[in-house]
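This is what each chain is made of:
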Amino acid sequence: MHTLKKHGLRETTFRKLLLNNFEQAKHALNLEELRSKLPEDTDRITLYRTLQSFEQSGLIHSIPDTEGNKKYALCLDPCDTHGHNHSHAHFTCQKCQTTWCLDHWALPPLNDNRISAIATADLIVTGTCAQCAA
Ligand SMILES: [Zn+2]
Ligand SMILES: [Zn+2]
Ligand SMILES: [Zn+2]
């Protein structure tokens, strides 16, 4: 269970609503999808800032999409205000653009002595999802 308090965020109605949307989502959400799930009067800037604070506190992480925009998904790993602790790939369907975390697919260790430290690893696997193939 994710709670705002555990991630150092004060509980507000909007934050609770947004977190709830992420907990119910089966795939990563972009800004448009989020806006369609939120009340119509939701302010763009408020949404953007809240997403930033969620990301900074380890509640959600962002995934770049093919157009350079961001999608957001709940962190299933023990991420907190000190940072994110995951390196997993993401799948994006080329037909319906649905993206989800490939948490069950462990990335092999990267043994390359030219690299001293990895900050981010955004591996995106693209293809066709089962629904689009049916
Ligand atoms: Zn995370
Ligand atoms: Zn698809
Ligand atoms: Zn992910």
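Whatever comes next refers back to the structure up there.
No experiment lies behind these values; they were computed from the predicted model shown.

S.K.: Which residues make up the sheet that holds strand S6 (residues 124–127), and what values do they have?
M.R.: Pairing is mixed in the open sheet, where three strands are placed in the order S5-S4-S6. Edge positions in the open sheet fall to strand S5 (99–106) and S6, since each of these has one partner strand only. Direction aside, the axes of adjacent strands within the sheet are offset by 35 degrees on average. Of the pairings in the sheet, the one linking strand S4 (residues 88–93) to S6 comprises four bridges and is parallel in character. Its bridge partner being in S6, His90 is matched across the sheet by Ile124.

S.K.: Lay out the nonpolar core in plain terms, naming residues and giving numbers.
M.R.: Grouped together as the largest cluster of nonpolar side chains are 16 residues, with contacts concentrated most on Leu18, Phe22, Leu34, Leu51, Phe54 and Ile60. Of all the elements in the fold, those that place two or more residues in this core are helix H1 (13–24), helix H3 (44–56) and strand S3 (70–74). Leaving out residues up to four positions away in the same chain, Phe54 has contacts with Leu4, Leu9, Arg15, Leu18, Leu19, Phe22, Leu59 and Ile60. Counting five residues, the second largest nonpolar core, distinct from the first, contains Ala89, Phe91, Cys93 and Cys129.

S.K.: How would you summarise the side chain of Ser53 if you had to cite specific residues and measurements?
M.R.: When you line up the elements, Ser53 lands in helix H3. A polar contact is formed between the side chain of Ser53 and the backbone oxygen of Thr50, at a distance of 2.9 Å.

S.K.: Outline the sheet that holds strand S1 (residues 29–30), listing residues and values.
M.R.: Ordered by their spatial adjacency, three strands build an open sheet running S1-S3-S2, and the pairing between neighbours is antiparallel. The sheet is open, and its two borders are formed by S1 and strand S2 (60–64), each paired with just one other strand. The sheet contact formed by S1 and S3 spans two bridges and is antiparallel. Each bridged residue has a counterpart across the sheet, and for Asn30 the counterpart in S3 is Lys71. Seen against the sheet, H1 touches S1, S2 and S3 and runs at an angle of roughly 85 degrees to S3.

S.K.: Residues and numbers for the coordination of the zinc ion (ligand 3), please.
M.R.: Within the protein, the atoms that donate to the zinc ion (ligand 3) are His61 (NE2), His88 (NE2), His90 (NE2) and Cys101 (SG), at distances of 2.0 to 2.2 Å. Note that the zinc ion (ligand 3) binds four donor atoms; their angles at the metal cover 102 to 113 degrees, and the shape is tetrahedral. Along the chain, the residues that donate to the zinc ion (ligand 3) are spaced as H-x26-H-x1-H-x10-C. Pair noted here: His61 is in strand S2 and His88 is in strand S4, with a separation of 27 residues, a long-range link. Per residue, the accessibility class of His61 equals that of His88, and both read buried.

S.K.: If you had to explain a nonpolar patch on the surface to someone new, which residues and values would you point to?
M.R.: The grouping of Leu110, Ile115 and Ile118 at the surface amounts to a nonpolar patch, some 290 Å² of accessible area in total. Within the secondary structure, Ile118 sits in the loop between S5 and S6. A relative accessible area of 52% places Ile118 in the exposed class.

Calculation rules
- Residues numbered from 1 in each chain as written.
- Chains lettered and ligands numbered in written order.
- Predicted model: local features only at pLDDT ≥ 70, side-chain atom pairs only at ≥ 80, totals over all residues.
- Heavy atoms only, no water.
- Pairing = 2+ DSSP bridges.
- Helix = DSSP H or I, 4+ residues; strand = E, 2+ residues; numbered from the N terminus.
- Axes fitted to C-alpha atoms, helices over the stretch in contact; angles between N-to-C directions.
- Core = buried A, V, L, I, M, F, W, Y, C linked by side-chain atoms within 4.5 Å.
- Buried < 20%, exposed > 50% of the residue type's maximum accessible area, 1.4 Å probe, protein only.
- Contact = heavy atoms within 4.5 Å.
- Polar contact = N/O pair within 3.5 Å; in protein donor to acceptor, adjacent residues only side chain to side chain.
- Donors = N, O, S within 2.8 Å, 3.2 Å for Na, K, Ca; no water.
- Tetrahedral: all angles 85-135°; square planar, octahedral: opposite > 155°, others 65-115°.
- Patch = residues over 30% accessible without salt bridge, like charges linked within 9 Å, V, L, I, M, F, W, Y side chains within 5 Å.
- Areas by Shrake-Rupley, 256 points an atom, 1.4 Å probe, with all protein chains shown as cover.
- Salt bridge = Lys/Arg side-chain N within 4 Å of Asp/Glu carboxyl O.

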